[in-house]
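Read off the chains here:
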Amino acid sequence: MSGTTDEAIAVDSHGGTDSDSVPLVDEHATTPIYALGTESVVEIAAEDFRDDIERVTGQCPTLEFKSDGGDAIGETGDRAVLVSPYGVHDAVDTTIDALFDDHDLETATESYALAAVADPEALEVDAALLIVGSDPRGTAYGVYELSRRIGVSPWYWWADVPTDERDELHLSAGAELEGPPSVSYRGIFINDEDFGFRPWATQTHEPEVPEGIGPKTYERVFELLLRLKANTIWPAMHGGGKAFYQIDGNREAADRYGIVVGTSHCEPMHRNNVEEWDSDERGEWNYATNGETIREYWADRVAAVAEAENVFTVGMRGIHDSGMPGGETVEETTALLQTVLEDQRDMLAEHVDPDVASIPQIFCPYKEVLECYEAGLEVPEDVCLVWPNDNFGFVRRLPTAPERRRSGGHGIYYHLSYWGRPHDHQWLCSTPPALIREELCKAYEHGAREMWIANVGDIKPAETETEYFFELAWDVESVREESVEDWLERWASREFDAEYTEEIAEIYREYHRLARARKPEHVGWNSVYPNTEQNEPAFSATACGDEARRRLEAYERIDASAAAIHDALPEDQRTAFFHLVQYPIRCAMLINRKVVDAMRSRLYAGQGRASADEYADRALEAVDEIESATERYNGSSGGKWKEMMSERPRDLPVFDRPTVGRVESEQGPTLGVAVEGEPRVAGAGRATERPELEFPEFVEGVDHPRFVDIYNRGNGTIEWTAETSHDWLEVSRMEGAIDLEERLHVSIDWASAPETETETVGSLSITGAGREVSVDVPIRPRSGGVQPATGSDSSSPSGPGSDADHNPLFVESAGAVAIEAEHATDVVAGADTDWESIDGLSRTTGTVMGSRPVTGPRLEPDATVLEDRAPRLEYEFEVHTTGAVTVEAQLLPTHAPEHSLGLRYAVAIDGGDPTVVDFDANGGEHDPEWQENVLRGSAIETTTHEVDRPGRHTLSVYAVDPGVVLDRLVIRTDGDGDENGAGRRSTRQSYLGPRETMDRRLE
């Protein structure tokens, strides 16, 4: 039934010529609202709809509650808004039945009908808006859907999104059905609330409940959940405040709002052990030695909440997300946990319902509990298995085919925020919506459709990602058919002026791309558990066009764009924009500036550059600017958000003021020169028989301009000049004056360069302050005549730029061939699977290639099978060297649906036997390979192959298993590189690898 529409209901500020339109507010009056039935959530939604109409128009409709359904709707006047569950009022039901030939409102869950009708036959009114739900919650969802359409954002309160004012509101005639949702239980876990949510609630929003998070706060959360079509809460559970059930009014608030209460994986039977288990009073938390006391403790709570709408977490873990005590081995722990489950089931049967299978229950095989499950723990089949992701967005385990037959179904526990190893990400939410879609759609296809819970930390600043999560959970099919870019534009157009929607979507896209390479919280290159100090960032300041600067400049561009939009928006939209867009963008930029410029100050101080102090100052200023932005955040809306945002959760080293390098020099102007790809510098006074510096080789059609830095190692001004050995060598400036430094760019005029297929070397000389520095500039022209790829038609023209060949060609440069996966020369479909492009997941371009469908067959790693059945990506490449090469594949570090299966791809060159690689690092949170993968956002694997001749070749990449996602490929021809660190070795100094070496003349 989901998404059934006879005619969509549109909202207009004028009645127009449509005589069948239904006015909510017009020049004559407001349309009264009638809430039918006795359910409090329906009354709450109706009240909110009344208030939303007033927010938009300044006019407040009357609202009347008719607990018996009301026998006299005909007395309501000439028009009415009727809010009712189906089955409450005969005339309302009759009208709905007449409008829809086929609906399931009598039996469906959480579904609703919207109908704007003139002269409804069964209702004695001239016009009516009907919002009719299959149940109370479905009715509320229908109400809040209308609120969205009239212009009230779900985040109107939580992000202070203003509403556009209208004098009138009219609804076009139409009728729609929505629901049931794709996922049954859809909710959030408020977690790690120590640094934002709890201090904000207890000190700012609800200071009258200083001991913990109270009902006034939870009511705001529950309203948000309903506006997002969610239905479940796992309440905050960290120590430092009373637990959810210990505070008067919390349980009752959930009941009124129709919110299902559950608890996290470490809080069985609705008990928050962190706050409620007193070891001095009750003894140790060990079921083997203190089982009777623990059973009494659980039973008291089960009896107390038996009448409410709950989901019970069964099983047992240690206090506060620690391992379950009571067993020395996995076998002993499994046996003890089996006893726990049996006792809990007896308890539920006694206190809730003798038909225990009818009681909603979940079991979360998280961390050590997964070991017990896989060791043979028998979880009753009516219990929903909720599978966790790996805390960094990648689902670790999915149900097998036999498990998918369980009557209790399956769910997903997904982290948008995380406290733990190898490093927290609790400050800025940077999980890309594309990754949420990739992993959750895969889970959905594998049968995880009963419960989706998002760990949202403090809710803020994860608003956008949270909404995407819930839209996907509500209607998987529709949302995954829409590109993330289109979704972001739609979201931005609702929240802000439509003029900026495309730009805001692009800002978000770039923000998430940059975070895919390294989350803002992870740029310190350190870890937690154990805590380590910050390390040198791996983004190179010398290789690949100054990789570190290119990253920082990308951040600075979106920060500047966000600032410009902020200033151009109407005043009343700026707070919302700052919360939803500008704060995370700006702070991500600033923490990268802090780390990158501090690194650069240390590097430049080692080179004696006078400019080191400038970068040191920028790095330290970035810390102050982060603090200032956070103060603005907390002080916005008249102090409404005071204490909500912390710029240094847990005071981890990555948030510290950085160590910087400075130069103290009393010497006069002294010339220094550094070039791209060279760790050596000229100007330190070392004697050498070699030219002082050398660029990586320039290759025709491939390479970007390369930089050379002219800098001062002393005080004063240096007047400098540059001279080239050949006219084909071009420099961005040939003379100038510096006090600190200047960056020049060197490029090649290939039309004037020698026509040869071997390396030619030119030179650049830079003179200043009484010193001359010479830089070698090796070039490799490519004038044609190279061999075609194996298997191609050797009689066809094959030179670069040939009219016969405009397919992508990737060329060796500086010891590497670099390829973005999306730029395949050919995509060959397999028997049952294929490669498809996926936006929003690449660390470099944003687009990756993924094998689809995710439920496709796993293939035998046999060369014949792969050639006949596996989907294949082909890339034509050209080398001028021969011998052993390594092919580095950079992949999304996702996991196989089962631990024992692995996740495999295969690589071959020129039709040779494919080399199969399993890249699934699923050894758990202590696995160093997994830790490295999630921090860098990539699984990187290599294979070794032989290239027997220079010229063109074909690289083939096979998807052996479904769900493989390929980002980049780097073919390395340089072995271990030049021991002196020059030229070809430069590509190995970078974090992301060399920039793509596609022959741009063939684009």
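This text follows the structure it describes.
Summarised in this report is the structure supplied together with it.

About the thresholds
- Sequence order as written defines residue numbering, which begins from 1 separately in each chain.
- Side-chain atom pairs in this predicted model are given and counted only at pLDDT of 80 or more, local residue features only at pLDDT of at least 70, and totals for whole chains, interfaces and linings cover all residues.
- Excluding hydrogens and water, the side-chain figures rest on all heavy atoms present in the structure.
- Put simply, buried Ala, Val, Leu, Ile, Met, Phe, Trp, Tyr and Cys residues joined by side-chain atoms within 4.5 Å make one nonpolar core.
- With a 1.4 Å probe rolled over the protein chains alone, any residue whose accessible area is under 20% of its type maximum counts as buried; one over 50% counts as exposed, and the rest are partly exposed.
- Each helix is a run of H or I in the DSSP string that is no shorter than four residues. Each strand is a run of E no shorter than two, and both are numbered from the N terminus.
- Whether two residues are in contact is decided by their heavy atoms: any pair within 4.5 Å suffices.
- Every patch collects residues that have over 30% relative accessible area and no salt bridge, joining them within 9 Å if they carry like charges and within 5 Å if they are nonpolar side chains (Val, Leu, Ile, Met, Phe, Trp, Tyr).
- Note that accessible areas follow from Shrake-Rupley with a 1.4 Å probe, and for residues the cover is restricted to the protein chains shown.
- Any carboxyl oxygen of Asp or Glu within 4 Å of a side-chain nitrogen of Lys or Arg constitutes a salt bridge here.
- We count Lys and Arg on the positive side and Asp and Glu on the negative side, and we leave His and both chain ends out.
- A single reference atom marks each charge: NZ on Lys, CZ on Arg, CG on Asp, CD on Glu.
- With axes taken as lines fitted to C-alpha atoms, and helix axes fitted only over the stretch in contact, angles between N-to-C directions fall between 0 and 180 degrees.
- For classification purposes, an angle smaller than 35 degrees is called roughly parallel, one larger than 145 roughly antiparallel, one from 65 to 115 roughly perpendicular, and anything else oblique.
- It is the rotation of the near helix from the far one that decides the hand of a crossing: anticlockwise by less than a right angle makes it left-handed, clockwise makes it right-handed.
- At least two DSSP bridges between two strands are required for those strands to pair.

For the rest of this paragraph, the subject is the nonpolar core. Counting 202 residues, the largest nonpolar core has Trp158, Phe222, Phe363 and Trp452 as its most contacted members. Per-element tally for this core: the top contributor is helix α18 (residues 574–606), with 15 residues. Among all residues touching Trp452, those that are not within four sequence positions of it are Val183, Tyr185, Arg186, Gly187, Ile412, Leu440, Tyr444, Phe469, Leu472, Ala473 and Val476. In this structure, Leu873, Val885, Val907 and Val917 belong to the second largest nonpolar core, which totals 32 residues.

Time to look at the environment of Val957. As for its placement among the helices and strands, Val957 is situated in strand β39 (residues 951–959). Residue Val957 is classed as buried on the basis of its relative accessible area of 1%. Separated by 50 residues in sequence, Val957 and Val907 place their C-alpha atoms 4.7 Å apart. Each residue touching Val957, except ones within four places of it in the same chain, is listed here: Trp835, Pro871, Arg872, Leu873, Tyr875, Tyr905, Ala906, Leu966 and Leu969.

Together, Asp20, Asp78, Asp119 and Asp126 make up a negatively charged patch on the protein surface. Taking the relative accessible area as the measure of exposure, Asp119 reaches 55% and is therefore exposed.

Contact pair helix α1 (residues 40–57) / helix α3 (residues 136–149): the axes reach a minimum separation of 8 Å and the direction vectors enclose 5°. Relative to α3, the element α1 lies roughly parallel. Here α1 contributes Val41, Val42, Ile44, Ala45, Ala46, Asp48, Phe49 and Asp52 to the contact with α3, which in turn contributes Pro136, Arg137, Thr139, Ala140, Val143, Tyr144, Leu146 and Ser147.

On to unusual backbone geometry. Omega for the peptide link from Gly179 to Pro180 comes to -5°, which places this bond in the cis form. The topology assignment puts Pro180 in the loop between β10 (174–178) and β11 (185–190). That bond from Arg852 to Pro853 is cis: its omega, 0°, falls within 30 degrees of zero. Among the structural elements, Pro853 can be located in the loop between β33 (847–852) and α20 (863–869). Of note in this structure, Asp546 is not a glycine but carries a positive phi near 65°. Mapped onto the elements of the fold, Asp546 is located in the loop between α16 (501–517) and α17 (547–568). Taking the relative accessible area as the measure of exposure, Asp546 reaches 0% and is therefore buried. Here the phi dihedral of Ser637 falls at roughly 55°; this positive angle occurs in a residue that is not glycine. Mapping Ser637 onto the fold places it in helix α19 (residues 612–639).

In this structure the tally under the stated criterion is 74 salt bridges. Between Arg271 and Glu276 there is a salt bridge, and its shortest N-O distance comes to 3.0 Å. One exposure class covers both Arg271 and Glu276, and it is buried. A salt bridge links Arg509 to Glu485; the shortest N-O distance between them is 3.5 Å. Of this pair, Arg509 sits in helix α16 while Glu485 sits in helix α15 (residues 484–495), and the two are 24 residues apart along the sequence. Connected through shared salt-bridge partners, Arg148, Glu467, Glu471, Glu482, Arg490, Arg494 and Glu495 make up one network.

Next up on the list: helix α2 (residues 90–99). When we look at burial in α2, the residues that qualify are Ala91, Val92, Asp93, Thr95 and Ile96. Of the surrounding elements, those touching the buried residues of α2 are β4 (33–36), β6 (79–85), β7 (112–118) and β8 (127–133).

Following both chains from N to C, one finds helix α5 (residues 215–227) and helix α6 (residues 250–257) inclined at 25°, their axes separated by 9 Å at the closest point. Between α5 and α6, the interaxial angle falls into the category roughly parallel. Crossing angle aside, the handedness with which α5 passes α6 is right-handed. Contact residues: α5 offers Pro215, Tyr218, Glu219, Phe222, Glu223 and Leu226, while α6 offers Asn250, Ala253, Ala254, Arg256 and Tyr257.

Let's shift gears to the sheet that holds strand β26 (residues 741–748). Ordered in space as β19-β22-β26-β24, the four strands form an open sheet in which the pairing is antiparallel. Bordering the open sheet on either side are β19 (671–675) and β24 (729–731), each of which pairs with just one other strand. Neighbour-to-neighbour, the strand axes of this sheet turn through a mean angle of 25°, independent of strand direction.

Take the environment of Val581 next. Among the structural elements, Val581 can be located in helix α18. Val581 gets classed as buried once you look at its relative accessible area, which sits at 1%. It is 40 Å that separates the C-alpha atoms of Val581 and Arg972, two residues lying 391 residues apart in sequence. When neighbours within four sequence positions are excluded, Val581 is seen to be in contact with Trp491, Phe496, Ile504, Ile507, Tyr508 and Ala576.

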